[in-house]
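Tertiary structure, described
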Amino acid sequence: LRYKKPGAADSQLVTTPIRTNGDLPDAGFAAAIAGFGQVLKHAAYIKNWSFDDAVTLATANKGPDPFGYRAEAIRLMKLAKIRD
């Protein structure tokens, strides 16, 4: 990630590894939402990633969902697949 403070000429680089062992369900769910958006746009650089991949990743990383927002997002992903 790069960022630049207001008025600064140079950007700063921040790096951190992204673990894939399931310890970060929020990151996994966010990745599913981002990927879902790219599938909706038919983005060329997602290659063969699909609605099913987004649903699978979101479901695996749903985590706590006290208000049901994540479950609703998954439901909408499934609905979008049917309508595509």
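Notes on the structure in this doc start here. Predicted, not measured: the structure shown is a model, and the values here were computed from it.

What follows is about the packing of helix H2 (residues 51-60) against helix H3 (residues 69-83). Two numbers describe how H2 lies on H3: the axes approach to 9 Å, and their chain directions differ by 165 degrees. Looking at the two axes, H2 sits roughly antiparallel to H3. The element H2 and its partner H3 pack so that their crossing is left-handed. Of the residues in H3, those touching H2 at Phe51, Asp52, Ala54, Val55, Ala58 and Thr59 are Ile74, Met77, Lys78, Ala80 and Lys81.

Once that is clear, we can look at the packing of helix H1 (residues 25-40) against H2. Direction vectors running N to C along H1 and H2 enclose 165 degrees, while the axes themselves pass 8 Å from each other. Comparing their axes, H2 and H1 come out roughly antiparallel. The chirality of how H1 crosses H2 is left-handed. Contacts between H1 and H2 involve Gly28, Phe29, Ala31, Ala32, Phe36, Val39 and Leu40 on the former and, on the latter, Phe51, Ala54, Leu57 and Ala58.

The next point concerns the environment of Leu79. Structurally, Leu79 is set in helix H3. Measuring from C-alpha to C-alpha, the distance between Leu79 and Phe51 comes to 9.7 Å, with 28 residues separating the pair along the chain.

Turning our eyes to something else, we now look at the environment of Val39. Tracing the sequence through the fold places Val39 in helix H1. Between the alpha carbons of Val39 and Trp49 there is a distance of 7.3 Å; along the sequence they are 10 residues apart. Discounting chain neighbours no more than four positions away, the residues touching Val39 are Ile46, Trp49, Ser50 and Phe51.

Next up on the list: unusual backbone geometry. Phi is positive for His42, close to 55 degrees, though the residue is something other than glycine. Tracing the backbone through its elements, the reader meets His42 in the loop between H1 and H2. On the accessibility criterion, His42 (56% relative accessible area) is exposed. Residues other than glycine seldom take positive phi values, yet Lys47 does so here, at roughly 55 degrees. Looking at the element boundaries, Lys47 is found in the loop between H1 and H2.

Attention now goes to the side chain of Asp65. When you line up the elements, Asp65 lands in the loop between H2 and H3. Buried and unpaired, Asp65 has no salt bridge, with Lys62 as the nearest side chain of opposite charge at 4.4 Å. One polar contact links the side chain of Asp65 to the main-chain amide nitrogen of Tyr69, over a distance of 3.0 Å. In terms of polar contacts, Asp65 uses its side chain to reach the backbone amide nitrogen of Ala71, at 2.8 Å. Those residues in contact with Asp65 that sit more than four places away from it in its chain are Arg70 and Ala71.

Calculation criteria
- Residues numbered from 1 in each chain as written.
- Predicted model: local features only at pLDDT ≥ 70, side-chain atom pairs only at ≥ 80, totals over all residues.
- Heavy atoms only, no water.
- Axes fitted to C-alpha atoms, helices over the stretch in contact; angles between N-to-C directions.
- Helix = DSSP H or I, 4+ residues; strand = E, 2+ residues; numbered from the N terminus.
- Parallel < 35°, antiparallel > 145°, perpendicular 65-115°, else oblique.
- Left-handed = near helix turned anticlockwise from the far one by under 90°.
- Contact = heavy atoms within 4.5 Å.
- Buried < 20%, exposed > 50% of the residue type's maximum accessible area, 1.4 Å probe, protein only.
- Lys, Arg positive; Asp, Glu negative; His and termini not counted.
- Salt bridge = Lys/Arg side-chain N within 4 Å of Asp/Glu carboxyl O.
- Polar contact = N/O pair within 3.5 Å; in protein donor to acceptor, adjacent residues only side chain to side chain.

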